[in-house]
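Residues per chain, in single letters:
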Amino acid sequence: MPEVSIAHIDFGDLNRRAISQPLVKHIYTADPSAHVFNNKIYIYPSHDIEAGIPFDDLGSHFAMEDYHVLSMDSVTSEAIDNGVALHVNDVPWAERQMWAPDAACKNGKYYLYFPAKKADNIFQIGVAVADSPVGPFVAEPLPIAGSYSIDPAVFEDEDGSYYMYFGGLWGGQLQSYRNNQYSPENQEPKANETALNPLIAKLSDDMLGFAETPKEVLILDENGNPLLAGDNERRFFEASWMHFYQGKYYFSYSTGDTHFLCYAIGDNPYGPFTYQGRILNPVVGWTTHHSICEADGKWYLFYHDSSLSEGVTHLRSVKVTEITYDTDGKIKTIEPYL
Ligand code: FUB
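Residues numbered from 1 in each chain as written. Predicted model: local features only at pLDDT ≥ 70, side-chain atom pairs only at ≥ 80, totals over all residues. Heavy atoms only, no water.

Visitor: Before we move on, could you go through the pattern of salt bridges and cite the residues and values that matter?
Guide: Inspection of every chain in the model, using the stated rule, returns 14 salt bridges. A salt bridge links glutamate 95 to arginine 96, with the shortest nitrogen-to-oxygen separation between them at 2.7 Å. A salt bridge links aspartate 131 to lysine 109, with the nearest nitrogen and oxygen atoms 2.7 Å apart. In this pair, aspartate 131 is assigned in the loop between β7 (123-130) and β8 (138-139) and lysine 109 in strand β6 (residues 109-117), connecting sequence segments 22 residues apart. Using a relative accessible area of 59% as the deciding quantity, one classes aspartate 131 as exposed. (Salt bridge = Lys/Arg side-chain N within 4 Å of Asp/Glu carboxyl O. Helix = DSSP H or I, 4+ residues; strand = E, 2+ residues; numbered from the N terminus. Buried < 20%, exposed > 50% of the residue type's maximum accessible area, 1.4 Å probe, protein only.)

In structure tokens:
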């Protein structure tokens, strides 16, 4: 999430041909979390709007108010907008900025996890429950105890355990935390210090809270050393995602100010994860955010860009493209424009 004005950003040639088209064009959507539930693809995106709020260092212009769930019979079929699934006015603890959500299904119930700012200007993560994957979702009265920052991503492991990854720098406030404690005095580490990492917490059996204190997710370089804060092209910024492929855990994320989607591989949900490379090169717009989902035996990257709005960074559109692995399990880097 940008901390600085985007006025200086060069989006490149907006006429470059994109490899994928927006899944829907009647609303702006971003941060797509895709899942297959009951043989259908459901996408849980942010719903971008033009709220007329000036750009500022905290990303206040990302002033989203609600969530719409998109559904598709297959990646090539039309995406259906299922209407408002949850509105900020129906979340007792939240005041504004409904940022990137995710969802999970357990025992026939659907859980929508979402960050929002409270009246005290602090982000926390909440959960809302529904009987249908498209909602309407009913929010719990309070945010998840022990949660903070943004970008929840919920992963179901092979043994039926669920884990939430979360965290995001700058507007996402992760730099204000150390050891799960908030202090406005905390800043990003210096360039030669270990980078801040995302967090993981196992979810409780009822899916409504954390079963443990959040732990840091370590991302290591090829020598087994933690990535440094000054390694902007590789270090974690926001947009956590986890998928499991051929016995390995793939943790993927955005590098924020260098605009890459990258991934790192580990042997269990907690990591550590070793950096492997880039999944997606920079898209039009400041932010990049994604999910990876298997459907009909193929793997897909759901992502967004700002092509449809001609570069307005807070008016984005969700897209999908196939990802491929080599025989070693390495993901081939995708160039979003031809
Ligand atoms: O959509 C708002 C924020 O922008 C998300 O939470 C970040 O990941 C970035 O995509």
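Visitor: Describe the sheet that holds strand β2 (residues 40-48), and please don't skip the residues or the numbers.
Guide: In a beta sheet, neighbouring strands are held together by backbone hydrogen bonds and run either parallel or antiparallel to one another. The antiparallel open sheet is built from four strands, whose spatial order is β1-β2-β3-β4. Two strands lie at the open edges of the sheet, namely β1 (28-37) and β4 (80-87), each paired on one side alone. Strand after strand, the sheet turns through a mean of 25° between neighbouring axes, direction not considered. Bridge count between β1 and β2: eight bridges; the pairing is antiparallel. For alanine 34, the partnering residue across the bridge sits in β2 and is isoleucine 43. (Pairing = 2+ DSSP bridges. Axes fitted to C-alpha atoms, helices over the stretch in contact; angles between N-to-C directions.)

Visitor: Hey, could you go over unusual backbone geometry for me, with residue numbers and the actual values?
Guide: A cis geometry characterises the amide bond from glycine 135 onward to proline 136, with omega recorded as 5°. Among the secondary structure elements, proline 136 is positioned in the loop between β7 and β8. You will see that asparagine 179, though not glycine, has its phi angle at about 50°, which is positive. Position of asparagine 179 among the secondary structure elements: in the loop between β11 (177-178) and β12 (181-182).

Visitor: Please provide a residue-by-residue account of the packing of aromatic side chains, values included.
Guide: Following the criterion strictly, the structure yields 28 aromatic pairs and no others. Centroid distance phenylalanine 37 to tyrosine 110: 5.4 Å. Interplanar angle 65°. Geometry classified as edge-to-face. Placement of the pair is phenylalanine 37 in strand β1 and tyrosine 110 in strand β6, with a sequence separation of 73 residues. Just as phenylalanine 37 is buried, tyrosine 110 falls in that class too. (Phe/Tyr/Trp six-rings, centres within 6.5 Å; stacked < 30°, edge-to-face > 60°.)

Everything listed here is a matter of geometry and, on its own, says nothing about what the molecule does.
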